[in-house]
Amino acid sequence: MSSLGFDADVDGAWRHHQIELGDRLAALNRDDILTLRAADDRRPLMTFVVTGSRRVRARIAVADLPADRPRSDTVAMLRAIGWRQLRGPVGDIIVEDGRARVDRLAHAAVGALQQVWDIVHPSFLAGSEEVSGEPEPPDRRHLLDRVFEALRGRPEVPAERVPGSSAITLRTPPVHSWIHALPNGTAIEFRAFLTGPVADRAAAARYIADNPRRWSAITVGLFADRVVATLRAECTVLEPANLHASLDIWLKFLQRPAADLADVCAARPRQPTTTASGMPDALDGVLTLLDDNTRTDPVTVAAMCGYSRETVRECLAYCAREGNRAQQRETAHRGADESAADRAAADWTRWRFAIRSLGTALRALDDAARRRSTKADPTKQ
């Protein structure tokens, strides 16, 4: 295998490990303790618990840090990737977040494993240990054994088990996919990263939040600055026909909608541009719709402005200036040149309609931002 292919496989293994860790953290209960260890060492690398305020916390004991570099350098390295050191004589290092943001926690944990302990592949980790007062969930690997067997009926989609993991990899050009068994052992998820790190995370998040109905049955989100898609299939009773139907939905999504979604989200952020007259380029398209008497909804207008509140505000400012000038021309011509006054009045009506449409689009973008904020932090409801 070439070094490039090896690096790609390693990156894929870490991405899968990060997703699986995030799933386990999301399912962690108040009395549970999740511990990560190296395969050749019984000492814990880090532990995860749920705090009294229902936040998920990862902890690294200072005494367990590698001894081959100054401790202050290691602590500085951890701080750079989001960890912080507690005050007091022990001074353990932690990172914590709300349950809705465990993906960030998993990202910080993987960064520590790679940078502090130089673990080059998740296979060098021992199977993570979870101490829980809950009954042990059904065996996910047994579920995947049955799923893998059912996939033999679809030879056009090569499948491979990931050793030591509750996942199956699928060759689904143009991207690689995983089938991942959920912790309760009664459902699976098809998963795929559709992009590398996006150039404008905020713009990608806005586009995803504003277009949820474009991908029926598929859940799209951002994970570690990449666009990830998932499709859940219930498997309380595994029927090959149902599995194949879910696979067909997944393959259909990956062929076209996923590529279009990736193109939009991976595009570099567009800076507001103007025409020679000073009119924003985005406004030209909005005015064309209005002039054609096309019924415009707020999302369409927002889309023409690149889902950018800055661009919408720039268009609003331009329309307000031109509307004021039209009113001034109407006042100046009224009584002297009625034809010119009527043309100015028509211009003012046009700018006023554009202002109303842009204002509605801006409110839609603001509402979407508030919904995302409330979803991320339920205390804001």
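Quick caveat, the model's predicted, so the values are computed rather than measured.

Asker: Quick rundown of the pairing of strand β10 (residues 187-193)? Include the residues and the values.
Answerer: In the case of a regular strand, side chains alternate between the two sheet surfaces. For β10, the tally of buried residues reaches seven of seven residues, placing the bulk of the element in the interior. Both faces of β10 are covered, namely the face carrying Ala187, Glu189, Arg191 and Phe193 and the face carrying Ile188, Phe190 and Ala192. Direction of pairing for strand β9 (residues 175-181) relative to β10: antiparallel, over a ladder of four bridges. Across the sheet, the residue bridging to Ala181 is Ile188, located in β10. Direction of pairing for β10 relative to strand β12 (residues 226-234): antiparallel, over a ladder of seven bridges. Across the sheet, the residue bridging to Arg191 is Thr230, located in β12.

Asker: I'd like to hear about helix α2 (residues 71-80), residue by residue, with values.
Answerer: Buried within α2 we find Thr74, Val75 and Leu78. Summarising the axial view, the buried residues of α2 lie within an arc of 100°, below the 170-degree limit, and thus occupy one face. Turned more than 90 degrees away from the buried face of α2, the exposed residues are Ser72, Arg79 and Ala80. Buried residues along α2 sit in contact with β3 (56-60), β4 (84-85), β5 (93-97) and α3 (102-115). Where α2 ends, the next residue or the one after it, Gly82, has phi of about 110°, a positive value.

Asker: Describe the confidence of the model for the chain, with residues and values.
Answerer: Predicted confidence across the chain gives a mean pLDDT of 78, with 81% of residues reaching 70 or more. At the low end of the mean pLDDT range in the chain sits strand β6 (residues 129-131), at 46; at the high end sits β3, at 92. Every residue in residues 1-7 scores below 50 in pLDDT, and together they form two contacts with partners more than four places removed in sequence or on other chains. Note that residues 128-138 has pLDDT below 50 and, in this model, 25 contacts with residues that lie over four places away or in other chains.

Asker: Now, about the nonpolar core: what can you tell me, with residues and values included?
Answerer: Ranked by size, the top nonpolar core spans 62 residues in total, and within it Val147, Ile188, Leu194, Phe253 and Leu283 carry the most contacts. Apart from the residues lying within four places of it in its own chain, the contact partners of Ile188 are Leu143, Leu144, Val147, Ile179, His180, Ala181, Leu231, Arg232, Ala233, Cys235 and Leu243. Among the nonpolar cores identified, the runner-up in size contains 33 residues, and Leu25, Leu36, Val62 and Trp117 belong to it.

Asker: Hey, could you go over the side chain of His180 for me, with residue numbers and the actual values?
Answerer: Structurally, His180 is set in strand β9. Polar contacts involving the side chain of His180 include one to the side chain of Asp23, which spans 3.0 Å.

Asker: Any details on the pattern of salt bridges? Residues and values, ideally.
Answerer: Scanning all chains against the criterion turns up 14 salt bridges. Arg152 is the salt-bridge partner of Glu149, the closest N and O atoms lying 3.0 Å from each other. Note that Arg334 is salt-bridged to Asp342, the shortest N-O span being 3.0 Å. Classification of Arg334 as partly exposed rests on a relative accessible area of 36%. Note on Asp342: relative accessible area 46%, which makes it partly exposed. Several salt bridges converge on common partners, so that one network encompasses Asp23, Glu189, Arg191 and Arg232.

Asker: Describe the environment of Met304, and please don't skip the residues or the numbers.
Answerer: Within the element layout of this structure, Met304 appears in helix α9 (residues 298-304). Look at Met304 and you get partly exposed, because its relative accessible area is 30%. In the structure, Met304 is positioned 19 residues away from Gly285 in sequence and 6.9 Å away in space, judged by C-alpha atoms.

Asker: Can you break down the environment of Arg57 residue by residue, with the values?
Answerer: With respect to the helices and strands, Arg57 occurs in strand β3. Along the chain, Arg57 and Gly98 lie 41 residues apart, while their C-alpha atoms are 8.9 Å from each other. Among the polar contacts made by the side chain of Arg57, one reaches the side chain of Glu96 at a distance of 2.7 Å.

Rules used in this analysis
- Residues numbered from 1 in each chain as written.
- Predicted model: local features only at pLDDT ≥ 70, side-chain atom pairs only at ≥ 80, totals over all residues.
- Heavy atoms only, no water.
- Buried < 20%, exposed > 50% of the residue type's maximum accessible area, 1.4 Å probe, protein only.
- Helix = DSSP H or I, 4+ residues; strand = E, 2+ residues; numbered from the N terminus.
- Pairing = 2+ DSSP bridges.
- Arc of directions from axis to C-beta.
- Contact = heavy atoms within 4.5 Å.
- pLDDT = per-residue confidence, 0-100.
- Core = buried A, V, L, I, M, F, W, Y, C linked by side-chain atoms within 4.5 Å.
- Polar contact = N/O pair within 3.5 Å; in protein donor to acceptor, adjacent residues only side chain to side chain.
- Salt bridge = Lys/Arg side-chain N within 4 Å of Asp/Glu carboxyl O.

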